[in-house]
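Each chain, written out:
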Amino acid sequence: MTTPRGEQQQLQHTAGIDPLSPLRAPGDPECDVFLTGTVFLDIIFTGLDSAPVRGTETWARGMGSSPGGVANMATALARLGLRTSLAAAFGDDHYGDYCWDALAQGEGIDLSRSRTVPGWHSPVTVSMAYDGERTMVSHGHEAPPPEAALGHLPEYPPRARAAVASLVPGRPEPWVADAARHATRIFADVGWDETGLWDLAALPDLEHCEAFLPNAEEAMRYTRTSCPRAAARALADKVPLAVVTLGAEGAYAVDSRTGETAEVPAIEVEALDPTGAGDVFVAGFVTGTLAGWPLADRLAFAGLTAALSVQEFGGSLSAPGWVEVAAWWEYVQEYGDQDPEALRRYAFLEALLPAPIRPWPLRRAVPTIGFRRPD
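Structural notes, computed from the coordinates. If you're wondering where the values come from, they're calculated on a predicted model, not measured in any experiment.

Attention now moves to the pattern of salt bridges. Under the criterion given, the structure shown has 17 salt bridges. When the shortest N-O distance is used, the salt bridge between Asp49 and Arg61 registers 3.2 Å. A residue pair is termed long-range when its members are at least 10 positions apart, and Asp49 in the loop between β2 (39-46) and β3 (62-69) and Arg61 in the loop between β2 and β3 qualify at 12 residues. The exposure class assigned to Arg61 is exposed, which follows from its relative accessible area of 63%. When the shortest N-O distance is used, the salt bridge between Glu107 and Arg79 registers 2.7 Å.

Now for the packing of aromatic side chains. What the rule picks out here adds up to 9 aromatic pairs. Geometrically, the ring pair formed by Phe90 and Trp100 is edge-to-face, given 4.9 Å between the ring centres and 65 degrees between the ring planes. Of this pair, Phe90 sits in strand β5 (residues 89-91) while Trp100 sits in helix α3 (residues 94-107), placing them 10 residues apart in sequence. On the basis of relative accessibility, which here comes to 2%, the residue Phe90 falls in the buried class. For Trp100, a relative accessible area of 27% puts it in the partly exposed group. Ring centres of Trp293 and Phe348 lie 5.7 Å apart, and the angle between their planes is 65 degrees; on these two criteria the pair is classed as edge-to-face.

This brings us to empty space enclosed by the protein. Scanning all chains against the criterion turns up 1 cavity of 30 Å³ or more. Considering only enclosed or pocket space, the largest cavity measures out at about 40 Å³ in volume. The wall of the largest cavity is formed by Val39, Phe40, Leu41, Ala89, Phe90, Gly91, Gly96, Cys99, Trp120, Ser122 and Pro123. Listed by contribution, the elements that provide at least two residues to the lining of the largest cavity are β2, β5 and α3. When grouped by side-chain class, the residues that make up the lining of the largest cavity number 8 nonpolar, 3 polar and no charged.

Turning our attention to the environment of Asp42. Position of Asp42 relative to the elements: it lies in strand β2. The sequence separation of Asp42 and Gly68 amounts to 26 residues, and the corresponding C-alpha distance is 5.2 Å. Setting aside anything within four residues of it in sequence, one finds Asp42 in contact with Gly64, Ser65, Ser66, Gly68, Gly69, Asn72 and Thr125.

Right, let's talk about unusual backbone geometry for a bit. Phi is positive for Ala15, close to 55 degrees, though the residue is something other than glycine. With respect to the secondary-structure elements, Ala15 resides in the loop between α1 (4-14) and β1 (31-36). The phi angle at Ala183 is positive, at roughly 70 degrees, despite the residue not being glycine. With respect to the secondary-structure elements, Ala183 resides in the loop between α5 (174-181) and β10 (185-190).

About the thresholds
- Residue positions are counted from 1 within each chain, in the order its sequence is given.
- Local features are withheld for residues below a pLDDT of 70 in this predicted model, meaning they are given only at 70 or higher, and side-chain atom pairs are given and counted only at 80 or more; totals for whole chains, interfaces and linings count all residues.
- No hydrogens and no water enter the side-chain calculation; it runs on all heavy atoms of the structure.
- Any Lys or Arg side-chain nitrogen located within 4 Å of an Asp or Glu carboxyl oxygen qualifies as a salt bridge.
- The secondary structure listing takes helices from DSSP runs of H or I that are at least 4 residues long and strands from runs of E that are at least 2 residues long, numbered from the N terminus.
- To sort residues, take the accessible area from a 1.4 Å probe on protein chains only and compare it with the maximum for the residue type: under 20% means buried, over 50% means exposed, and anything in between is partly exposed.
- Two rings from Phe, Tyr or Trp (for Trp, the six-membered ring) form a pair when their centres are within 6.5 Å of each other. A pair whose planes differ by under 30 degrees is stacked, one over 60 is edge-to-face, and the rest are tilted.
- Here a cavity denotes grid points, spaced 1 Å and computed from the protein atoms alone, that fit a 1.4 Å probe unable to get out, and a pocket denotes an open set having protein on both sides within 12 Å along at least 5 of 7 lines; residues with an atom within 4 Å of a point are the lining.
- Grid points are joined across faces, edges and corners, and a volume is the space filled by probe spheres set on the points.
- Think of it as three bins: nonpolar holds Ala, Val, Leu, Ile, Met, Phe, Trp, Tyr, Cys and Pro, charged holds Asp, Glu, Lys and Arg, and polar takes everything else, Gly as well.
- Every residue pair with non-hydrogen atoms within 4.5 Å of one another is taken to be in contact.

Shown next, in the form of structure tokens:
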């Protein structure tokens, strides 16, 4: 669970804000959100004028390193004040130690269901950001199955208000159905379908999900439609809540239980690195949903947090917390570089945000990993 050091680190982003405090009661689940997946060590190069050219050496003006993969989502959730539990494998190398410490001590994420795997090295991704896009090179091997370690770990999955699942065609995850049976609300995203079939029937865990959050291209391919809004309406026949992200245009959602629809435009920002923006969007939407906000407010908040994340580099490094949102809100009202009408969409934040404690902008990635001398 969260250590005192982890709690102090969390305050740098949450400012002590708990978006679920009005809802907490004795007998609540032990965590707000559970997720599982692969943790990568991300090494990010920025300040590139173009993509690397074959046969040449390219120098980057900026560099950062951080836990990546599923750690992007876990960090984004924790920085928004949700009690987050992550089940993942960590290598028994320096990279694994660094990622474990950064998540447990730096972000206050519960790793009691995670494990260190002897003799297994950490997966690594090198990401190069330029022109608002990214190119990535990854290396890693699948971790050995966890069965041998399960007897030493707490219940899996735990009782949780919500869980985030990444759906993979043809690969159901038994824990998803188990969590849904115990009243955990399942939020799901999906990646590119490498099979090329784009068949919703190949996503059996979708039936257990409360919300499905693909991007526009994924949504249109899965529904055989040519419009992302039509795709969202088609997906709402499969899940209670369909949310389709529209990139620079914002996001569109359909709630099939109430018939409500909502569309919120994106905040205009200068994108430095889009790594992890989709994870941050999901984290913001989960936060608003668990807090009981109106659908349009949830979309606006998710889009705002994603927009703030792309102004920094790295995935987990760039995830904003309440401190960052408060600093942005003060800045945009003072300097007026956003459309006043568009900003009124975010007036609901006034009652939630802490007083700004640091000026905007706030963060820059650490330059690299620091290895401690052995004792």
